[in-house]
Amino acid sequence: MENKQIFSGRGLYSRRKFVAHVSYIGIGGLTFSGLSAFASCGLPNNQQAEAQSAEQKAKKKLGIALVGLGGYSSGQLAPALQETQHCYLAGIVTGTPDKVDKWKKKYDIPEKNVYSYENFDSIKDNPNIDIVYVVLPNAMHAEYTIRAAKAGKHVICEKPMAITVDDCDRMIAACKEAGKMLSIGYRLHFEPHNKEMMRLGQEHVFGEILRLKAENGMSSVKGWRLDKELAGGGPLMDVGIYCVQGVRYTTGMEPIAVKAKEGPKTDPDTFKEVEESLTWQLEFPGNIIAECKTSYSEDLNLLRAEARNGWFELSPAYPYRGIKGDTSKGKIDFEQVNQQALQMDDFALAIKENRSTPVPGEMGRQDVKILQAIYKAMETGQRVEII
């Protein structure tokens, strides 16, 4: 009971802070009926949207509801769901009523499949929605994953899975208790260049790995990502996690210790709550060291492994498209794919086939444990063991 009270309190406070980052603060808490009324003017025939939904269901596709309609949902996930073969965009959850009309018209979303944050739990009564995709600020991932599981829905949660290991444990437990699957949005596990890095490293194609280098950063950031309570930290939580993932899946091993150092703050006002940049060294079994760097003021994008008989790398390694690879023996050259479409289709198939997802909650939990160890090493200046 105590944990539930603490959890609920933090979730509500975080949600209020999040609403403060969007334009329509005053109407961010409208109920479903309010959203529907707001969106009813000028919509295409709702029966058309209902028919579209029925057609998708007839094709045995699973319905996905996106929770949070920010840049990633609008720019990547919703378009990707127009290319998927086993799932489709069935519904939306938003605290910004101004977005509802546009989304309903653009994607033929029936009025009954539009939800607010406040009435989200009633999604349990909607058979059109099989999967909930949580695309909210990091501090809100746990709350909405748990609520989705309790509503009887499978869940995809964006990375990082949460901001604490305890939150991850609650998310995993809630999905298991509900008998629903939990997947983390690790799109690069479905991207052929990164899959080749996994093969080359884990199969020792160039011999035993000796060292690795992973860097990911971007030179411009704003909004909730600079709010420590909502983000859980700075670039490490946002883009640095790709470096952690990259060295884990290239080696196929887990790090055993870390040292870390925060970079200088060139803009103290912007980065008053979070780190501007961070470097860290992950130790793996066999004396393998991964040198990593992340930044919110520098563009970085690299995953490289040096082995006993050669080297292999991706540069850039982590973008949505345009990934390029090279090795000491020639290019890594595969077709560019829609990573998000492949990711969501695989989860839908995993549900249909009753098999495990390759990117489960336990993988997300391990990353959060490593991220917290990196921050501890940064704050203490000490080598921190990862156990």
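Residues numbered from 1 in each chain as written. Predicted model: local features only at pLDDT ≥ 70, side-chain atom pairs only at ≥ 80, totals over all residues. Heavy atoms only, no water.

J.: An account of the overall build of the protein chain is requested, with residue identities and associated values reported.
T.: Each helix and strand counted, the protein chain has twelve helices and 15 strands in total. When burial is assessed residue by residue, the protein chain has 56% of its 387 residues classed as buried. Considering only contacts within the protein chain whose residues lie at least 6 apart along the sequence, 72% involve residues at least 24 apart. For the protein chain, the computed accessible surface area is about 16,500 Å², with 49% contributed by carbon and sulfur atoms. (Helix = DSSP H or I, 4+ residues; strand = E, 2+ residues; numbered from the N terminus. Buried < 20%, exposed > 50% of the residue type's maximum accessible area, 1.4 Å probe, protein only. Contact = heavy atoms within 4.5 Å. Areas by Shrake-Rupley, 256 points an atom, 1.4 Å probe, with all protein chains shown as cover.)

J.: Before we move on, can you summarise the packing of helix H10 (residues 235-251) against helix H12 (residues 361-380) with the specific residues and values?
T.: Relative to each other, H10 and H12 sit at 110°, their axes nearing to 10 Å. In terms of axis orientation, H10 runs roughly perpendicular to H12. As H10 packs across H12, the resulting crossing turns out to be right-handed. Here H10 contributes Leu 236, Met 237, Ile 241, Val 244, Gln 245 and Arg 248 to the contact with H12, which in turn contributes Met 363, Gln 366, Asp 367, Ile 370, Leu 371, Gln 372, Ile 374 and Tyr 375. For the contact of H10 with H12, a count of residues per class yields nine nonpolar, three polar and two charged. (Axes fitted to C-alpha atoms, helices over the stretch in contact; angles between N-to-C directions. Parallel < 35°, antiparallel > 145°, perpendicular 65-115°, else oblique. Left-handed = near helix turned anticlockwise from the far one by under 90°. Nonpolar A, V, L, I, M, F, W, Y, C, P; charged D, E, K, R; others polar.)

J.: Tell me about the state of the cysteines, residues and numbers included.
T.: Considering all chains together, one arrives at zero disulfides under this definition. We note that Cys 243 lacks a disulfide partner, and the nearest cysteine sulfur, in Cys 292, lies 5.5 Å from it. Residue class for Cys 243 comes out buried when judged on its relative accessible area of 0%. (Disulfide = S-S within 2.5 Å.)

J.: Go over the sheet that holds strand E1 (residues 62-67), please, and point to the residues and values.
T.: What the six strands build is an open sheet, ordered E3-E2-E1-E4-E5-E6; its pairing is parallel. Looking at strand neighbours, the two that pair on one side only are strand E3 (114-115) and strand E6 (182-184), the edges of this open sheet. Sheet strands touched by helix H11 (residues 339-353): E1, strand E2 (87-93), strand E4 (131-134), strand E5 (154-157) and E6. Its angle to E5, the strand with the most contacts, is close to 155°. (Pairing = 2+ DSSP bridges.)

J.: Kindly report on the side chain of Gln 366, identifying the contributing residues and their values.
T.: Here Gln 366 shows up in helix H12. In contact with Gln 366, not counting residues within four places along its chain, are Arg 248 and Glu 254.

J.: Before we move on, could you go through the environment of Ala 90 and cite the residues and values that matter?
T.: Along the chain, the position of Ala 90 falls in strand E2. On the basis of relative accessibility, which here comes to 1%, the residue Ala 90 falls in the buried class. Once the C-alpha coordinates of Ala 90 and Ala 65 are considered, the two residues, 25 residues apart in sequence, prove to be 5.6 Å apart.

J.: I'd like a rundown of the packing of aromatic side chains, residues and numbers included.
T.: Each pair of aromatic rings is reported with the distance of its centres and the angle of its planes. As enumerated under the stated definition, the model contains six aromatic pairs in all. Summarising the aromatic geometry, the rings of Tyr 72 and Tyr 320 are spaced 5.7 Å apart at their centres and angled 40° between planes, so their arrangement reads as tilted. With Tyr 72 in helix H4 (residues 71-80) and Tyr 320 in the loop between strand E12 (310-314) and strand E13 (325-327), this residue pair connects regions lying 248 residues apart in the sequence. In this structure Tyr 320 comes out as partly exposed when scored by relative accessible area, which is 29%. (Phe/Tyr/Trp six-rings, centres within 6.5 Å; stacked < 30°, edge-to-face > 60°.)

J.: Go over the pairing of strand E11 (residues 300-307) with me, naming the residues and quoting the values.
T.: Across the eight residues of E11, six count as buried, placing the element largely inside the fold. Two elements, E11 and E12, share five bridges in a ladder whose sense is antiparallel. Residue pairing for E12: Ala 305 is matched across the bridge by Phe 312. Linkage of E11 to E12, two consecutive antiparallel strands, is achieved through a turn of two residues.

J.: Go over the nonpolar core with me, naming the residues and quoting the values.
T.: Residues Val 247, Val 258, Trp 280, Leu 282 and Ile 374 are the most contacted members of the largest nonpolar core, which totals 82 residues. Among the elements that take part in this core, H12 stands out by supplying nine residues, more than any other. (Core = buried A, V, L, I, M, F, W, Y, C linked by side-chain atoms within 4.5 Å.)

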